[in-house]
Amino acid sequence: MHAIRFETTGGPEVLKYVEVDTPTPGPGRILVRHQAIGINFIDTYQRSGLYPMKLPSGLGSEAAGVVEAVGEGVTRFKTGDLAAYAGTPGAYADANAVIADRAVKVPAGIDARTAAAALLKGMTVEFLIRRLHRVEAGETILVHAAAGGVGQIMTQWAKALGAVVIATVGSEEKAMRVRELGADHVILYRDQDVAAEVRRITGGKGVPVAYDSVGKDTFDGTLKSLARRGLFVSFGNASGPPPPVEARQLMLGGSLFFTRPTMGDYQATTAELDASAAALFDIIGSGKVKVEIGQTFALADARKAHEALESRTTIGASLLIP
Ligand SMILES: NC(=O)c1ccc[n+]([C@@H]2O[C@H](COP(=O)([O-])OP(=O)(O)OC[C@H]3O[C@@H](n4cnc5c(N)ncnc54)[C@H](OP(=O)(O)O)[C@@H]3O)[C@@H](O)[C@H]2O)c1
């Protein structure tokens, strides 16, 4: 089979498409023959060295496909099932032997491409808006990079919960897309002052919660957009890591809260994983969240996929197809 490997960290050019042995699933594992592989921004952090990996390394953490073999002791899956996983390394490959307890069955009615495009991004949204903070009907929330993979799902899911969504995007085309998805207010954050716009929209109050996955470039604007006792959810670094947070800044901002969550801690058990995936598949099944697969690339073209993602030209989710 083929897989993407990299021996040194760096730009997209370090990604190599190579032939490797197909793994045999050991005890507790299943071999998933991929039909679609989800591309996530975290893959670029691992490739660049922002999130260190032991090298040489495979890449990717999300895919969906058919269970081809089951290891000893696996009862959760049988061969022929459609499975998906998120958060397990080595997904940029034709197949992967993954821990059965960290994979989920894809329900009838959802295809492998949708599952691979939505699982990691959608389960992230699930914990961010239903558990880390419970978004309430009528609450106004700030969602950065709303036209992206995570952002589109968050915008639609928050709307389904009755929230008022202030979305930020990097282009007019993306602004149009998030309006179609239900965003109530759209800020073009490359041209407009985010905090000033948020204050204007909220009548000076600011938002009770802001979801910031952009990091460095949006940090100040997000901080200044929060209402008294507001919650800053910093969950990504698309523009680079945010600066260190000083306790004093939180006081001056109005007794603010700051959190830096990661999905793994919100699905630490198989029960949490199953509940999160079920909630996601339910809302997709209901039609309230539509998963846009904006771009597909051949697995061999992983380099091009990373170039597209990092140049901010993608909309919605991107897939690699083996
Ligand atoms: N903490 C967690 O557990 C967790 C889990 C999943 C994802 N995440 C984070 O969520 C974010 C979204 O992930 P995704 O895979 O769905 O990616 P994505 O949103 O599809 O792509 C990233 C987007 O960020 C925006 N952006 C702003 N400044 C940028 C810059 N300097 N370079 C590149 N992009 C920039 C771009 O949108 P505009 O053109 O509109 O600015 C770009 O399309 C990432 O930061 C990721 O790390 C965190």
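What you see is a predicted model, and the numbers here were worked out from it, not measured in a lab.

1. A look at the site of the ligand
Close contacts around the ligand come from 28 residues, with Gly170, Lys174, Tyr189, Met263 and Arg312 the closest. One of the backbone N or O atoms of Phe41 is found 2.9 Å from an oxygen atom in the ligand. Within the residue set of the shell around the ligand, elements represented by two or more residues are α1 (41–48), α2 (112–132), α3 (149–160) and α10 (302–310). Counting the residues that make up the shell around the ligand, at least three belong to each of domain 1 (2–119 + 290–321) and domain 2 (137–260).

2. A look at the domain arrangement of the chain
In terms of domains, the chain is made up of domain 1 (2–119 + 290–321) and domain 2 (137–260). Between the C-alpha centres of domain 1 and domain 2 the distance comes to 29 Å. Summing the contributions of domain 1 and of domain 2, the shared interface buries around 1,100 Å²; its carbon and sulfur component is 46%. One can count one salt bridge joining domain 1 with domain 2. Counting every contact that joins domain 1 to domain 2 gives eleven residue pairs in polar contact (both at pLDDT 80 or more). Grouping the amino acids of the side of domain 1 that touches domain 2 by side-chain chemistry returns seven nonpolar, two polar and three charged.

3. A look at the pattern of salt bridges
Within the structure shown, the criterion is met by 15 salt bridges. Linking Lys121 and Glu62 is a salt bridge whose minimum nitrogen-to-oxygen distance equals 3.5 Å. Highlighted residues: Lys121 in helix α2 and Glu62 in strand β5 (residues 62–70), separated in sequence by 59 residues. Each member of the pair, Lys121 together with Glu62, is buried.

4. Concerning the side chain of Gln295
Within the element layout of this structure, Gln295 appears in strand β15 (residues 293–298). Residue Gln295 is classed as buried on the basis of its relative accessible area, which comes to 15%. Among the polar contacts made by the side chain of Gln295, one reaches the main-chain amide nitrogen of Ile315 at a distance of 2.9 Å. Within the local environment of Gln295, its side chain forms a polar contact with the backbone oxygen of Ala317, the two atoms lying 3.4 Å apart. Those residues in contact with Gln295 that lie beyond four places of it in its chain are Thr314, Ile315, Gly316, Ala317, Ser318 and Leu319.

5. Notes on the packing of aromatic side chains
Taken as a whole and assessed by the stated rule, the structure comprises five aromatic pairs. On the numbers, 4.9 Å between centres and 50° between planes, the contact of Phe232 with Phe258 is tilted. Of this pair, Phe232 sits in strand β13 (residues 226–234) while Phe258 sits in strand β14 (residues 257–259), placing them 26 residues apart in sequence. Owing to a relative accessible area of 26%, Phe258 belongs among the partly exposed residues under this scheme. Put simply, the rings of Phe41, Tyr45 and Tyr51 touch in pairs and so form one group of aromatic residues.

6. Comments concerning the pairing of strand β1 (residues 2–6)
Remark: a regular strand shows side chains that alternate across the two faces of the sheet. The pairing of β1 with strand β2 (residues 16–19) spans four bridges and is classified as antiparallel. Within β2, the position partnered with Ile4 by the bridge is Tyr17. Here β1 runs beside strand β4 (residues 57–58); their pairing, made up of two bridges, is antiparallel. Across the sheet, the residue bridging to Arg5 is Gly58, located in β4.

7. Structural notes on the packing of α2 against helix α9 (residues 270–285)
Two elements in contact, α2 and α9, have axes separated by 9 Å at closest approach and are oriented at 105°. The angle between α2 and α9 falls in the class roughly perpendicular. Every residue of α9 that contacts α2 at Thr114, Ala118, Leu119, Gly122, Met123, Glu126, Arg130 and Arg131 is listed here: Glu272, Leu273, Ser276, Ala277, Ala279, Leu280, Phe281 and Ile284. Residue composition of the contact of α2 with α9, by class: nine nonpolar, three polar and four charged.

Cut-offs used in this document
Residues numbered from 1 in each chain as written. Predicted model: local features only at pLDDT ≥ 70, side-chain atom pairs only at ≥ 80, totals over all residues. Heavy atoms only, no water. Near = heavy atom within 4 Å. Polar contact = N/O pair within 3.5 Å; in protein donor to acceptor, adjacent residues only side chain to side chain. Helix = DSSP H or I, 4+ residues; strand = E, 2+ residues; numbered from the N terminus. Domains from an automatic or database assignment. Buried area = accessible area lost by both parts, 1.4 Å probe. Salt bridge = Lys/Arg side-chain N within 4 Å of Asp/Glu carboxyl O. Nonpolar A, V, L, I, M, F, W, Y, C, P; charged D, E, K, R; others polar. Buried < 20%, exposed > 50% of the residue type's maximum accessible area, 1.4 Å probe, protein only. Contact = heavy atoms within 4.5 Å. Phe/Tyr/Trp six-rings, centres within 6.5 Å; stacked < 30°, edge-to-face > 60°. Pairing = 2+ DSSP bridges. Axes fitted to C-alpha atoms, helices over the stretch in contact; angles between N-to-C directions. Parallel < 35°, antiparallel > 145°, perpendicular 65-115°, else oblique.

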